[in-house]
Amino acid sequence: MYPMIVIVFFTKMKALQTFFAKTPYSMYFAMITEGHDYHVYAGRYIAFDIWIHTAFHLLRWLSQGNMELLGTSPAGQTGMIAICVTPLITFPMMYFKRKGCALLRPYEIRKAMHYLFYVFAVGLCWHVPVSAIPNGGFLPFVLSISIGLYTLDSFYVHLFMCEKIETTKFNVLSSGVKISMPVSERFQRQAFHARNGFAYINLPWVDNKQWHPFSLFEDPNDPSIQEMFLMKSGDWTKAVHSALARDTTRPVWIKGPFPSPFGHASSYDNQILVASGIGITPALGAISAFKSTRRVNLIWAVRDPEMLEFFMEKMYLEHSGWNLIFYTGKKPLKPDIYN
Ligand SMILES: Cc1cc2nc3c(=O)[nH]c(=O)nc-3n(C[C@H](O)[C@H](O)[C@H](O)COP(=O)(O)OP(=O)(O)OC[C@H]3O[C@@H](n4cnc5c(N)ncnc54)[C@H](O)[C@@H]3O)c2cc1C
């Protein structure tokens, strides 16, 4: 389980990953660029492996007649804590995303329970007695270094990769909200390396506790302006939409940018980007990053006419490759857009 514990923490160290993504190590460790997939894999592994580990621990104690160790030894006590919190950390994320217990379905509840990983990690630092360390019992080191680095990384992101943008412009459409932010030079530089990528935003006038991730793309006429399109999908995005009855300017806290899933696109000179609906936003980042040096082609299925009209009218889809757009909505398009 040790490598999986390291992976599960490393893949969420966003500052360290942003740093390593600029180094040659990113060529050899896919988890630097595809962190979330590795996080999910390692998390699932731990979720099940912990039961196998516990079953054999219990069998050994049973066969040795030492079952009282379950309540009296640090291994037994911390093991019981871990076996209780691990399903709370993992199962809601694995199974209750779209169906199952309605109470556990909201993202904020699942995320809050996910933070029990601190109990898991700190508790298990005492799982192995110090006397076992020479025989390979280095779990306390693995866990304390992983949790310590993860915590430092989160502070770093909050303190040094976060900025307040006072003059953020909000454009309200019926399906969502487009926001335009004049970002700092630090942000522009990192967005360039991240191929625009994505960032977390907090709108304190909606809820100062919630940070939500959105893909970044550049204003085609001004690269110092980073934009996002927030599709109305759940409680928070709907609250943002209803708080904005008309186009306006308000402050935003933004944290990032972090590398985009289209980061590998620079390896290809004839690219085909495939997107559906609001999935167009990371593709827009790739279009603006590569349209002057590569051939970029886009295949986009979209049913929201306003979103389609918006991105076409504002010239986000201007590039020299093919744009194959499958409009699947019911409402007729404006004639100039149709043409
Ligand atoms: C890297 C990344 C880029 C994204 N880019 C865009 C984009 O450009 N435009 C866009 O409209 N949406 C984007 N999303 C999705 C967007 O983050 C969610 O739609 C938004 O957070 C929903 O919040 P809610 O409270 O309104 O909805 P909820 O009802 O809470 O959730 C709706 C869905 O969004 C997921 N979600 C909610 N909060 C978060 C969060 N903090 N982190 C990750 N997932 C969450 C939930 O699991 C659920 O599947 C992106 C997500 C990620 C992870």
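Conventions adopted
Residues numbered from 1 in each chain as written. Predicted model: local features only at pLDDT ≥ 70, side-chain atom pairs only at ≥ 80, totals over all residues. Heavy atoms only, no water. Phe/Tyr/Trp six-rings, centres within 6.5 Å; stacked < 30°, edge-to-face > 60°. Helix = DSSP H or I, 4+ residues; strand = E, 2+ residues; numbered from the N terminus. Buried < 20%, exposed > 50% of the residue type's maximum accessible area, 1.4 Å probe, protein only. Pairing = 2+ DSSP bridges. Axes fitted to C-alpha atoms, helices over the stretch in contact; angles between N-to-C directions. Contact = heavy atoms within 4.5 Å. Parallel < 35°, antiparallel > 145°, perpendicular 65-115°, else oblique. Left-handed = near helix turned anticlockwise from the far one by under 90°. Near = heavy atom within 4 Å. Polar contact = N/O pair within 3.5 Å; in protein donor to acceptor, adjacent residues only side chain to side chain. Areas by Shrake-Rupley, 256 points an atom, 1.4 Å probe, with all protein chains shown as cover. Nonpolar A, V, L, I, M, F, W, Y, C, P; charged D, E, K, R; others polar. Domains from an automatic or database assignment. Core = buried A, V, L, I, M, F, W, Y, C linked by side-chain atoms within 4.5 Å. Buried area = accessible area lost by both parts, 1.4 Å probe. Salt bridge = Lys/Arg side-chain N within 4 Å of Asp/Glu carboxyl O.

**Focus on the packing of aromatic side chains**
Working step 1: Under the criterion given, the structure shown has 23 aromatic pairs.
Working step 2: With a centroid separation of 5.8 Å and an interplanar angle of 75°, the aromatic rings of Phe9 and Phe117 are classed as edge-to-face. With Phe9 in helix α1 (residues 2-10) and Phe117 in helix α8 (residues 117-124), the pair connects residues that are 108 residues apart, well separated along the chain. Across the pair, Phe117 and Phe9 agree in class, each one buried.
Working step 3: Seen from their ring centres, Tyr200 and Phe258 are 6.0 Å apart, and the 70° between their planes marks the pair as edge-to-face. Linking Tyr200 in strand β3 (residues 198-202) with Phe258 in strand β7 (residues 248-258), this pair joins segments that are 58 residues apart in sequence.
Working step 4: Overall, the relative accessible area of 2% leaves Phe258 in the buried class.

**With respect to the sheet that holds strand β5 (residues 217-219)**
Working step 1: In spatial order, the strands read β4-β3-β7-β1-β2-β6-β5; together these 7 strands make up an open sheet with antiparallel pairing. Only two strands of the sheet have a single neighbouring strand rather than two, namely β4 (212-215) and β5. Neighbour-to-neighbour, the strand axes of this sheet turn through a mean angle of 45°, independent of strand direction.
Working step 2: Direction of pairing for β5 relative to strand β6 (residues 222-231): antiparallel, over a ladder of 3 bridges. When the sheet's bridge partners are listed, Glu218 is paired in β6 with Gln226.
Working step 3: Across the sheet, helix α13 (residues 305-313) lies against β1 (162-172), β2 (176-182), β5 and β6, angled at about 175° from β6, the strand it touches most.

**With respect to the packing of helix α6 (residues 74-95) against helix α7 (residues 107-114)**
Working step 1: In contact at an axis separation of 8 Å, α6 and α7 are set at 150° when each is read in the N-to-C sense. With respect to their mutual orientation, α6 and α7 come out roughly antiparallel. Of the two possible hands of crossing, α6 and α7 adopt the one that is left-handed. Across from Leu88, Ile89, Pro92 and Met93 in α6, the residues of α7 making contact are Tyr107, Arg110, Lys111, Met113 and His114.

**Notes on the site of the ligand**
Working step 1: The local shell around the ligand holds 19 residues, among which His212, Pro213, Met231, Thr237 and Thr281 are the closest.
Working step 2: At a separation of 3.3 Å, a nitrogen atom of the ligand approaches a polar backbone atom of Trp211.
Working step 3: The backbone of Gly234 places a nitrogen or oxygen atom 3.2 Å from an oxygen atom of the ligand.
Working step 4: Against a free-state accessible area of 860 Å², the protein chains account for coverage of 72% of the ligand.
Working step 5: Going through the elements one at a time, α7, β4, β6 and α11 (235-243) are the ones with two or more residues in the shell around the ligand.
Working step 6: Residue contributions to the shell around the ligand peak at 4 residues, all from β4.
Working step 7: Of the residues contributing to the shell around the ligand, the split by class is 10 nonpolar, 6 polar and 3 charged.
Working step 8: Mapped onto the domain boundaries, the shell around the ligand takes at least three residues apiece from domain 1 (2-158) and domain 2 (161-261).

**A closer look at the nonpolar core**
Working step 1: Ile5, Phe9, Phe120 and Leu143 are the most contacted members of the largest nonpolar core, which has 27 residues in total.
Working step 2: Listed by contribution, the elements that provide at least two residues to this core are α1, α3 (30-33), α4 (35-64), α6, α8 and α9 (139-160).
Working step 3: In contact with Ile5, not counting residues within four places along its chain, are Ile46, Leu139, Val142, Leu143 and Ser146.
Working step 4: If you look at the next biggest cluster of nonpolar residues, it comprises 24 residues, including Phe217, Leu284, Tyr316 and Leu333.

**Overview of the domain arrangement of the protein chain**
Working step 1: Split by domain assignment, the protein chain resolves into domain 1 (2-158), domain 2 (161-261) and domain 3 (262-338).
Working step 2: The partner domain 2 presents 12 residues to the 9 residues of domain 1 that form the contact.
Working step 3: Between domain 1 and domain 2, roughly 950 Å² of surface is buried when both sides are summed, and carbon and sulfur atoms account for 67% of that area.
Working step 4: At the boundary of domain 1 with domain 2, the tally comes to 0 salt bridges.
Working step 5: Counting across the domain 1 and domain 2 interface gives 1 residue pair in polar contact (both at pLDDT 80 or more).
Working step 6: Put simply, the parts of the chain that give the side of domain 1 that touches domain 2 at least two residues each are α2 (14-20) and α9.

**Re the side chain of Thr11**
Working step 1: As for its placement among the helices and strands, Thr11 is situated in the loop between α1 and α2.
Working step 2: Among the polar contacts listed, one links the side chain of Thr11 to the side chain of His39, at a separation of 3.3 Å.
Working step 3: Those residues in contact with Thr11, other than ones at most four positions away along the chain, are Gln17, Met31, Gly35, Tyr38 and His39.

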